Amino acid sequence: MRFAAHVLALLPLTAICWDIYFGQLSPNPIEDVTHRTGNAALTLLLVTHTITITRIITGRASALTFRRLTGLYTYFYAVLHAFIFFGVDYRFDYNLISDGIFTKPYVLAGLTALLLITPRAITSFRFGAVRLRNYAVVINLLVYPATAIAVLHFYWLLKKEKSEALVYLAMMAFLFVFRIPWVKSRFTRLNKTCP
Ligand code: HEM
């Protein structure tokens, strides 16, 4: 199962490498890869939330088995995505980057989302979990505003047709409903009464 999860999580990267190797990227290859890595990051972020929600609904801790895996792949694609923008597209040019951050709100939103999920990626490793154990609750909670800001990032960058970002927004809103304390406590009670 774990092997299959890795294969699934690596599918977007495999497809990108395949298209690079066989010259099948779109006429604007940088934008193409930026979009695909961004989509992979946001999709895996919502998959990670879905795993947490499955735990709440079923009461089964085993549901969490793959959360670390999907969380780290989320971070991998988000970092790759940001690297393509800052490194490949903007060639680490300080003026271009600062101009991008301060004149394009979607870039600032993307950067904020990436910074907010970074501590959670660090605490996915033992050294990070030990070093940052006093902040574990806050670090876990930061993933929620990070998700909302990543969806906003996508919404803001879309010119006219915003439906794709609205679909992500609807999925995020649906998942976050289960994090509302009284909704969560209902499922906890339900799982206690009929395990
Ligand atoms: C430093 C951080 C980030 C930067 C600089 C950045 C930059 C960009 C850029 C330039 C685009 C394409 C814009 C265009 O169409 O011209 C984009 C698209 C996107 N980004 Fe980011 N991003 C960042 C972080 C993130 C994060 C953390 C996520 C999700 C977790 C994310 C998700 C997306 C998505 C879903 C798209 C749209 C893909 C599509 O159009 O299909 N980004 N980002």
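### What about the layout of surface pockets?
Now for step 1: One number sums up the size of the largest pocket: a volume of about 860 Å³.
Now for step 2: Every residue lining the largest pocket is counted, 34 residues in all, and those nearest its centre are Thr34, His81, Tyr106, His153 and Leu157.
Now for step 3: With nine residues, helix 2 (residues 29-58) is the single largest residue contributor to the lining of the largest pocket.
Now for step 4: Class assignment for the residues of the lining of the largest pocket results in 20 nonpolar, nine polar and five charged.
Now for step 5: For the second largest pocket, the calculated volume is near 690 Å³.
Now for step 6: What lines the second largest pocket is a set of 26 residues, and nearest its centre among them are Thr52, Arg67, Arg120, Tyr144 and Arg179.
Now for step 7: Among the secondary structure elements, those contributing two or more residues to the lining of the second largest pocket are helix 2, helix 3 (67-89), helix 5 (105-122), helix 7 (136-157) and helix 9 (181-193).
Now for step 8: Considered class by class, the residues forming the lining of the second largest pocket number ten nonpolar, ten polar and six charged.

### Some words on the site of the ligand
Now for step 1: By nearness alone, 21 residues border the ligand, and His35, Asn39, His81, His153 and Leu157 come closest of all.
Now for step 2: Between the ligand and His35 there is a distance of 2.6 Å, counted from an oxygen atom to a side-chain nitrogen or oxygen.
Now for step 3: For the ligand, an oxygen atom lies 2.6 Å from a polar atom in the side chain of Asn39.
Now for step 4: Counting atoms within 2 Å of the grid points, the majority share of the ligand lands in the largest pocket.
Now for step 5: Mapped onto the shell around the ligand, the elements with two or more residues apiece are helix 2, helix 3, helix 5 and helix 7.
Now for step 6: Here the shell around the ligand is composed, by residue class, of 14 nonpolar, seven polar and no charged.

### Observations concerning the coordination of the iron atom of the ligand
Now for step 1: The protein atoms that coordinate the iron atom of the ligand are His81 (NE2) and His153 (NE2), at distances spanning 2.0 Å.
Now for step 2: Around the iron atom of the ligand, the six donor atoms are arranged such that angles at the metal cover 86 to 179 degrees; this shape is classified as octahedral. One end of the pair, His81, is in helix 3; the other, His153, is in helix 7, with 72 residues separating them in the sequence.
Now for step 3: Judged by relative accessible area, His153 falls into the buried class, the value being 15%.

### A word on the nonpolar core
Now for step 1: Counting 21 residues, the largest nonpolar core has Tyr73, Tyr77, Phe86, Leu114 and Ile117 as its most contacted members.
Now for step 2: Looking at this core, the elements that each hand over two or more residues are helix 1 (2-21), helix 2, helix 3, helix 4 (94-103) and helix 5.
Now for step 3: Counting residues per element, this core draws most heavily on helix 3, at eight residues.
Now for step 4: Ignoring anything within four residues of it in the chain, the contact list for Leu114 reads Tyr75, Ala78, Val79 and Ala82.
Now for step 5: Ranked by size, the runner-up nonpolar core spans 19 residues in total, among them Leu46, Tyr144, Val151 and Val183.

### Some details on the packing of helix 2 against helix 7
Now for step 1: Interhelical geometry of helix 2 versus helix 7 gives an angle of 145 degrees and a closest axis separation of 11 Å. Classified by chirality, the crossing of helix 7 by helix 2 is left-handed. Within the contact between the two elements, helix 2 uses Asn39, Leu42, Leu45, Leu46, His49 and Thr52 and helix 7 uses Val143, Tyr144, Thr147, Ala150, Val151 and Phe154.

Reading the values: the criteria
- Residues numbered from 1 in each chain as written.
- Predicted model: local features only at pLDDT ≥ 70, side-chain atom pairs only at ≥ 80, totals over all residues.
- Heavy atoms only, no water.
- 1 Å grid on protein atoms, 1.4 Å probe; cavity = no way out; pocket = protein on both sides within 12 Å on 5 of 7 lines; lining within 4 Å.
- Points joined across faces, edges and corners; volume = space filled by probe spheres on them.
- Helix = DSSP H or I, 4+ residues; strand = E, 2+ residues; numbered from the N terminus.
- Nonpolar A, V, L, I, M, F, W, Y, C, P; charged D, E, K, R; others polar.
- Near = heavy atom within 4 Å.
- Polar contact = N/O pair within 3.5 Å; in protein donor to acceptor, adjacent residues only side chain to side chain.
- Sits in = over half its atoms within 2 Å of the grid points.
- Donors = N, O, S within 2.8 Å, 3.2 Å for Na, K, Ca; no water.
- Tetrahedral: all angles 85-135°; square planar, octahedral: opposite > 155°, others 65-115°.
- Buried < 20%, exposed > 50% of the residue type's maximum accessible area, 1.4 Å probe, protein only.
- Core = buried A, V, L, I, M, F, W, Y, C linked by side-chain atoms within 4.5 Å.
- Contact = heavy atoms within 4.5 Å.
- Axes fitted to C-alpha atoms, helices over the stretch in contact; angles between N-to-C directions.
- Left-handed = near helix turned anticlockwise from the far one by under 90°.

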